Amino acid sequence: MKLTTTRFGEIEVPDNDVLFFSFGVLGFPEVKRYVLLDHSGDTPLKWLQAIDKPELAFPMVPATDLVEDYHITVCPDDLEAVGIESTAELQAFVILTIPNGASERSTANLKAPILMNPTTHVARQILAAEDYPIRYPLSDAQPAKVECAG
């Protein structure tokens, strides 16, 4: 499918790469379809690009690239919603906030990870029961594998 985006221009993505969020992403419940795009360069940074809202794209990284011992409890309903029986099969990403012109103040939302089933492409954002911060400074990342630049 051809996709027109504000950030990336016109791109071609395979139909089977579409991620479906039954409840959308926090703050955008009406937007249900996304694709995961790689950021240029050698970085774990990805972009969660909305298909039906060209201006909506979230920078994300795998949660364990920020906090090596990042562990969350996933309730059975959330596992069932993404079609997985075990958390071992899940991919967990966290959304980054990168202030314009101040990437050194970038943070990650460890409290509301995005869980993805890599086989079915069903995803869900959850609120972790664990006491993780909403604004985790990337400067505190362990191991520090993430660099954010424009």
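This text follows the structure it describes.
A. Molecular detail of the pairing of strand 1 (residues 2-5). Only one face of strand 1 is buried, namely the one carrying Leu3 and Thr5, since none of Lys2 and Thr4 on the opposite face is buried. In terms of strand pairing, strand 1 meets strand 2 (residues 9-12) through four bridges, oriented antiparallel. Paired with Thr5 across the two strands is Gly9, which belongs to strand 2. Taking the residues that link successive antiparallel strands as the turn, the strand 1-strand 2 hairpin has three residues.

B. Molecular detail of unusual backbone geometry. The phi dihedral of His121 is positive, around 65°, even though this residue is not glycine. By the element assignment, His121 lies in the loop between strand 9 (114-116) and strand 10 (122-125). Exposure remark for His121: the relative accessible area of 22% places this residue in the partly exposed category.

C. Spatial organisation of the environment of His71. The residue His71 is located in the loop between strand 6 (57-62) and helix 1 (76-82) in this model. On the basis of relative accessible area, His71 is assigned to the exposed category, the value being 55%. Residues His71 and Lys111, spaced 40 residues apart in sequence, show a C-alpha to C-alpha distance of 11 Å. In this structure His71 touches Glu130 and Tyr132, once residues within four positions along its chain are discounted.

D. Representation of the pairing of strand 4 (residues 33-38) within the structure. With two bridges connecting them, strand 3 (residues 19-21) and strand 4 associate as antiparallel partners. Bridge assignment links Leu19 to a residue of strand 4, and that residue is Tyr34. Relative to strand 5 (residues 46-50), strand 4 runs antiparallel, the two sharing five bridges. Counted as the bridge partner of Val35 is Gln49 from strand 5.

About the thresholds
Sequence order sets the numbering: in each chain, residues are counted from 1 along the sequence as written. Reporting in this predicted model follows two pLDDT cut-offs: at least 70 for local features of residues, and 80 or more for side-chain atom pairs to be given and counted; totals over whole chains, interfaces and linings ignore these cut-offs and use all residues. Each side-chain value is derived from all of the structure's non-hydrogen atoms; neither hydrogens nor water enter the calculation. Three exposure classes are used, based on accessible area relative to the maximum for each residue type with a 1.4 Å probe and protein chains only: buried under 20%, partly exposed in between, and exposed over 50%. Here a strand is any run of E in DSSP of at least two residues, a helix any run of H or I of at least four, and the numbering for each starts at the N terminus. DSSP bridges decide pairing: two strands pair if at least two such bridges lie between them. It only takes one pair of heavy atoms within 4.5 Å for two residues to be counted as in contact.

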